[in-house]
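Here's the letter readout for the chains.
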Amino acid sequence: MKKSHQIIFVSIAILLFVAIALVVYFSEGVGMRSSRYYRLDTGVAIEFLTDSDNIVDTVYPVDEDARLIVIGEEFVGLHIDKAVEKYLTLCARMGYIDVDSRDNGVQISVSSTFTQAIENEIYEACNKYFLDNEIYCVIAESDADLALYREKKEKNISSIEKLVVIKSVLEKTNKYTLEDLSIKNESELMEILESFHEEYTNNMSEYSEDDYAKKISMLADNKQRYDTHMSAITNDTLRDFADKYSKYKKSETYDWELDFAKKIAEKKS
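Residues numbered from 1 in each chain as written. Predicted model: local features only at pLDDT ≥ 70, side-chain atom pairs only at ≥ 80, totals over all residues. Heavy atoms only, no water.

Peer 1: So, the side chain of His197: which residues are in play, and what are the values?
Peer 2: Mapped onto the secondary structure, His197 falls in helix 8 (residues 186-203). On the basis of relative accessible area, His197 is assigned to the buried category, the value being 0%. Ignoring any residue separated from it by four or fewer positions in sequence, one finds His197 in contact with Glu47, Phe48, Leu49, Thr58, Val59 and Tyr60. (Helix = DSSP H or I, 4+ residues; strand = E, 2+ residues; numbered from the N terminus. Buried < 20%, exposed > 50% of the residue type's maximum accessible area, 1.4 Å probe, protein only. Contact = heavy atoms within 4.5 Å.)

Have a look at this one:
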C-alpha cells in the first residue's frame with residue numbers, strides 16, 4: 001500500500017474515532033451542566049438535577065412543605081443516594097412520613113438517557129432507607145402509574161417521563177402551554193427546567209424567621225415519636241422487618257400505582 005494511502009486511511013480512522021467519542025460524550029449528558037432529573041413525592045415533593053456522576057447540582061422544593069424541608073439543609077454536592085436518604089430522613093423526622101403507620105407512599109420519577117438504570121438506583125436507595133429504619137412505605141414508580149399513563153395517552157405525550165417533566169415546568173410558570181412543551185425534546189425541556197432550579201438553588205439560603213421557626217417546631221413536635229421508633233430497632237427486629245416489608249410492598253404497591261396523586265390527596269384529607 002502506498003504511503004499516501006496509509007495516511008488517508010489513518011486519518012479517516014482518527015476522524016471516525018473522534019466522531020464516535022463525541023456522540024457518546026453528548027449522549028451521556030457529559031456536555032450538559034445537568035443531565036438527570038429526579039423527583040420524589042411523599043406528599044411533599046422535591047426535585048433534584050444531577051450531573052452525569054449523579055452528584056446533585058440543583059434542588060427544587062415543589063410545594064411549601066417541601067420548602068420547609070430544605071431550609072437550612074445542604075443537598076448540592078451530595079451523591080443522589082445521599083440526597084434521597086437525607087430527604088426521606090427529614091420527611092420522617094418532621095412527620096411527613098409516619099414512622100408508626102403502614103399508610104405511607106413515595107413516588108419516584110426520573111428522566112435521563114439511561115432512565116431505567118437510574119430509576120433502579122433511586123428505587124434501591126429508597127428501599128434501603130425504609131429497610132434500615134423499619135418504615136412501612138410503598139415505593140411507587142411514576143412510569144407504572146395508571147393515571148399518568150391515561151393522561152399521557154389523552155394528551156398525546158410520547159412517554160410518562162416526558163409528561164412528568166412537562167408538568168414540572170408548568171408547575172413553575174405560566175409562560176408555556178402544554179402544547180408548547182409537548183413539541184420540545186428532552187434536552188430543551190431540561191434546559192427550561194434547569195433555569196428554575198438554578199434560580200432557586202442560588203437563593204435557597206434566603207428564608208424567613210417564621211419559616212425556620214415552623215420547621216424547628218415540627219421537628220420538636222415529632223421528636224418523641226421518631227426517637228421512640230428508632231430506639232426500638234435492633235438486629236433482630238431488622239431481620240424480622242425485612243420479610244414483613246417485602247410482603248407489605250407486594251400487597252400495597254398496586255393500589256398506590258393506580259393513581260398516586262389521588263392516594264396522597266385522600267391521605268391528606
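From this point, the narrative continues.
Peer 1: I'd like a rundown of helix 8, residues and numbers included.
Peer 2: Along its 18 residues, helix 8 runs 26 Å from first to last C-alpha, staying within 8% of the 26 Å computed at 1.5 Å per residue. Every buried residue of helix 8 is listed here: Leu189, Met190, Ile192, Leu193, Glu194, Phe196, His197, Tyr200 and Thr201. Taken together, the buried residues of helix 8 touch strand 1 (36-41), strand 2 (45-50), strand 3 (56-61), helix 2 (64-70), helix 6 (160-172) and helix 7 (178-182). A distance of 3.1 Å separates the backbone nitrogen of Ser187 from a side-chain oxygen at the start of helix 8, and that oxygen is part of Asn185. (Expected span 1.5 Å × (residues − 1). Polar contact = N/O pair within 3.5 Å; in protein donor to acceptor, adjacent residues only side chain to side chain.)

Peer 1: Can you tell me about the pairing of strand 2, naming the residues and giving the values?
Peer 2: The buried fraction of strand 2 is high, at six of six residues. The alternating pattern of strand 2 places Ala45, Glu47 and Leu49 and Ile46, Phe48 and Thr50 on opposite faces, both of which are buried. Where strand 1 lies against strand 2, six bridges are found, and the strand directions are antiparallel. Bridge pairing in strand 2 links Arg36 to Thr50. Taking the residues between adjacent antiparallel strands as the criterion, strand 1 and strand 2 are bridged by three residues, where Gly43 takes a positive phi near 110°. Direction of pairing for strand 2 relative to strand 3: antiparallel, over a ladder of five bridges. Counted as the bridge partner of Phe48 is Val59 from strand 3. Between strand 2 and strand 3, which pair antiparallel in sequence order, lie five residues; one of them, Asn54, sits at a positive phi of approximately 65°. (Pairing = 2+ DSSP bridges.)

Peer 1: Explain the packing of aromatic side chains residue by residue, including any values.
Peer 2: Geometrically, a pair of aromatic rings is defined through the distance of the ring centres and the angle of the planes. Under the counting rule described, the total for this entry stands at nine aromatic pairs. On the numbers, 5.6 Å between centres and 45° between planes, the contact of Phe48 with Phe75 is tilted. One end of the pair, Phe48, is in strand 2; the other, Phe75, is in the loop between helix 2 and helix 3 (80-94), with 27 residues separating them in the sequence. Across the pair, Phe75 and Phe48 agree in class, each one buried. Between Trp256 and Phe260 the ring centres are 5.5 Å apart and the planes differ by 45°, which places this aromatic pair in the tilted class. With respect to burial, Trp256 and Phe260 carry one shared label: buried. Here the aromatic residues Tyr136, Phe241, Tyr245 and Tyr248 are joined through ring pairs into a cluster of three or more. For Lys86, the ring lying beneath its charged end belongs to Phe75, and the centroid distance is 5.3 Å. A cation over an aromatic ring shows up here: Arg102 above the ring of Tyr136, its NZ or CZ 4.5 Å from the ring centre. (Phe/Tyr/Trp six-rings, centres within 6.5 Å; stacked < 30°, edge-to-face > 60°. Lys NZ or Arg CZ within 6 Å of the ring centre and 35° of its normal.)

Peer 1: An account of the packing of helix 5 (residues 146-154) against helix 6 is needed here, citing residue identities and associated values.
Peer 2: Packing of helix 5 against helix 6 brings their axes to within 9 Å, and their N-to-C directions diverge by 85°. Our classification of the angle between helix 5 and helix 6 gives roughly perpendicular. On helix 6, the residues that touch Leu148, Tyr149, Glu151 and Lys152 of helix 5 are Ile160, Leu163, Val164 and Lys167. (Axes fitted to C-alpha atoms, helices over the stretch in contact; angles between N-to-C directions. Parallel < 35°, antiparallel > 145°, perpendicular 65-115°, else oblique.)

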